[in-house]
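# Observations on the three-dimensional arrangement
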Amino acid sequence: MSAEPAHRLFPLFADLRGRTVLVVGGGAVAARKVEALQDTGARIVVGARALSPPLAALAAAGAIAHRAGDFAPDWLDEAWLVIAATDDSAVNGAVAAAGEARRLWVNVVDDATLARVHLPARVERGPLQIAISSGGGAPMLARWVRERLEAQFDDAYAPLATLLARHRERIRARWPDLAARRRGFERLLAGPLQALLRARRHIEAGRAFDAVLQEDGNALGSAGHVALVGAGPGDPGLLTLRALRVLNEADVILHDSLVSDEVLQLARRDALRIGVGKRAGQHATPQSGINALLVEHARAGRRVVRLKGGDPFVFGRGGEELEALRAAGIRYEVVPGITAASACAAYAGIPLTHRDHAQSVRLATAHAQDSLDTLDWPALARERQTLAFYMGVSRLDLLQERLLAHGRAADTPFALIENGTRPEQRVVAGTLTELSRLAKAHAVESPALLVVGEVAALAGHLHWFGAAPLGAADAALAHAA
Ligand code: SAH
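A short tour of the structure in this document, coming up. Since the model is a prediction, treat every value here as computed from it, not as a measurement.

Counting 24 residues, the largest nonpolar core has Phe389, Leu399, Leu403, Leu416 and Leu450 as its most contacted members. Mapped by element, the contributors of at least two residues to this core are helix H16 (377-380), strand E14 (385-391), helix H17 (396-405), strand E15 (413-418), helix H18 (435-441) and strand E17 (448-452). The dominant element in this core, judged by the number of residues it contributes, is H17, at four residues. Non-local contacts of Phe389, meaning those with residues more than four positions away in its chain, are made with Ala364, Leu375, Leu380, Leu399, Leu403, Ala448, Leu449, Leu450 and Val452. Judged by nonpolar contacts, the second largest core, of 18 residues, contains Val23, Ala42, Ile64 and Leu81.

Quick look at the structure:
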């Protein structure tokens, strides 16, 4: 092993305004470096025999200058910074040597030993920039970290950084002492400021900012807020980035029983978790009780996440909760989730509106006898549409009978997806006349989503997740066993 002396790179952010940066090379790699230099105010000179079309377009537009020909040391005369980005290592080496002789900072693309400065992987949110380096040794790792950070920091950091920069003097004057400034800043981030920026409510965000600066405890600055969040169907990979971010910021999480443990594990470790759905041996908290809890925790200044299975606005009573929050004067945001119909169809291989078979899809629910009675059966029984029923599995007999009575064909395919997207997912498929019998034979339990329509048959050959659909033959086997 070589005994290289341990050293680390020193990170710097450079103000390049009005300074010449020379990029040697006219191909795709050089073009990427030129792109990274855009908006820095640098005077960009690209030295190369010929320019690739994108670089030629920039030169024609006056965004860069082209120095045509083969590299010569006098190209460095005006440069403050040099990037060697040709595909010829001899040329790159010559650029590095010439730069070294002139005490210039030279970056050599893809050559950590020749480069004296490295261009980091970056995450950019307006004036806020996060630069990542692995010391040149593991660029894949740096890129991987960058992707993680991209997911973690949402767009609202750009206006946040701009806002803080604009009021820098006020912030310093308000909290001259560094420790106090830090506490004030934490109060600022604990409040609704970021949620308001995410919701593009810049005027209110400005007010929330002022309130914290004026230390007005009753004003917007310290009030809590509620994020109504769709947790998707169970597979944590189906959570949205925004849902993940608000889960990371939450002080309190009120979740339904449909929300999977895997999703809950992604939330901030020290958040208070309150289950309000029906769980084994426990009763569900009534809706009025949930509303009261939301209001109570938000009033105490906490960041509350109301986490619901699927999408909060699809048979999720999310609207009622927003009404209660609105009435209590508590601010909120809504993060949509992947609803069971999309998720179960996708994981069962059922294209809901395959154009050969369906022109529309209906989402319907029937959790109790009376809700079954009030459904518009003649409309549901029409052909060339897909039905997705969100419901318990106890009244499938009635559903089957009504659809047939109103004229839906006896051989209409169905697929019943139990625990969609979860490791335990099962799909039972058949035709409408067999629905209730097959569901019983396979002992299908909630949560299960029922898809009725020609497209349901496609699960037979398009399935990809878990086992193939179970059908009549399997039921006979199960019976015989
Ligand atoms: N807001 C939720 C639906 C709540 S109603 C959403 O958008 O998905 C509850 C019903 O949704 C269940 O009875 C079941 O029919 C369906 N459902 C939810 N998650 C499911 C899953 N992982 N697999 C199958 N069905 C599911």
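Moving on, there is more to tell.
Mapped onto the secondary structure, Val229 falls in strand E8 (residues 225-230). In this view, Val229 contacts Ala243, Val246, Val305, Arg306, Leu307, Lys308, Pro312 and Val335; residues no more than four positions away in its chain are not counted.

Read across the sheet, five strands follow the order E3-E2-E1-E4-E5 without closing on themselves; strand pairing throughout is parallel. Single-partner strands in this sheet number two, and they are strand E3 (65-68) and strand E5 (105-108). On average, each strand axis in the sheet is inclined to that of its neighbour by 20°, with strand direction left out of account. Inspection of the sheet shows strand E4 (residues 79-84) paired to E5 by four bridges, in the parallel sense. Across the sheet, the residue bridging to Val82 is Val106, located in E5. With respect to the sheet, helix H1 (residues 28-37) is in contact with strand E1 (20-24), strand E2 (43-48) and E4, its orientation differing from that of E1 by roughly 160°. Relative to E5, helix H3 (residues 89-101) is tilted by about 165°, and along the sheet it contacts E1, E4 and E5.

With that settled, consider the packing of aromatic side chains. Per the stated rule, a full pass over the model turns up six aromatic pairs. Their ring planes at 55° and their centres at 5.0 Å tell us that Tyr347 and Trp464 sit as a pair that is tilted. Placement of Tyr347 in helix H14 (residues 340-348) and of Trp464 in the loop between helix H19 (459-462) and helix H20 (472-480) is noted, with a sequence separation of 117 residues between them. Look at Tyr347 and you get buried, because its relative accessible area is 12%. For the ring pair Trp464 and Phe465, a centre distance of 5.6 Å and an interplane angle of 65° mean the geometry is edge-to-face. Here the aromatic residues Tyr347, Trp464 and Phe465 are joined through ring pairs into a cluster of three or more. Taking NZ or CZ as reference, Arg19 lies 3.7 Å from the ring centre of Trp80, over its face.

Parameters at a glance
- Residues numbered from 1 in each chain as written.
- Predicted model: local features only at pLDDT ≥ 70, side-chain atom pairs only at ≥ 80, totals over all residues.
- Heavy atoms only, no water.
- Core = buried A, V, L, I, M, F, W, Y, C linked by side-chain atoms within 4.5 Å.
- Buried < 20%, exposed > 50% of the residue type's maximum accessible area, 1.4 Å probe, protein only.
- Helix = DSSP H or I, 4+ residues; strand = E, 2+ residues; numbered from the N terminus.
- Contact = heavy atoms within 4.5 Å.
- Pairing = 2+ DSSP bridges.
- Axes fitted to C-alpha atoms, helices over the stretch in contact; angles between N-to-C directions.
- Phe/Tyr/Trp six-rings, centres within 6.5 Å; stacked < 30°, edge-to-face > 60°.
- Lys NZ or Arg CZ within 6 Å of the ring centre and 35° of its normal.

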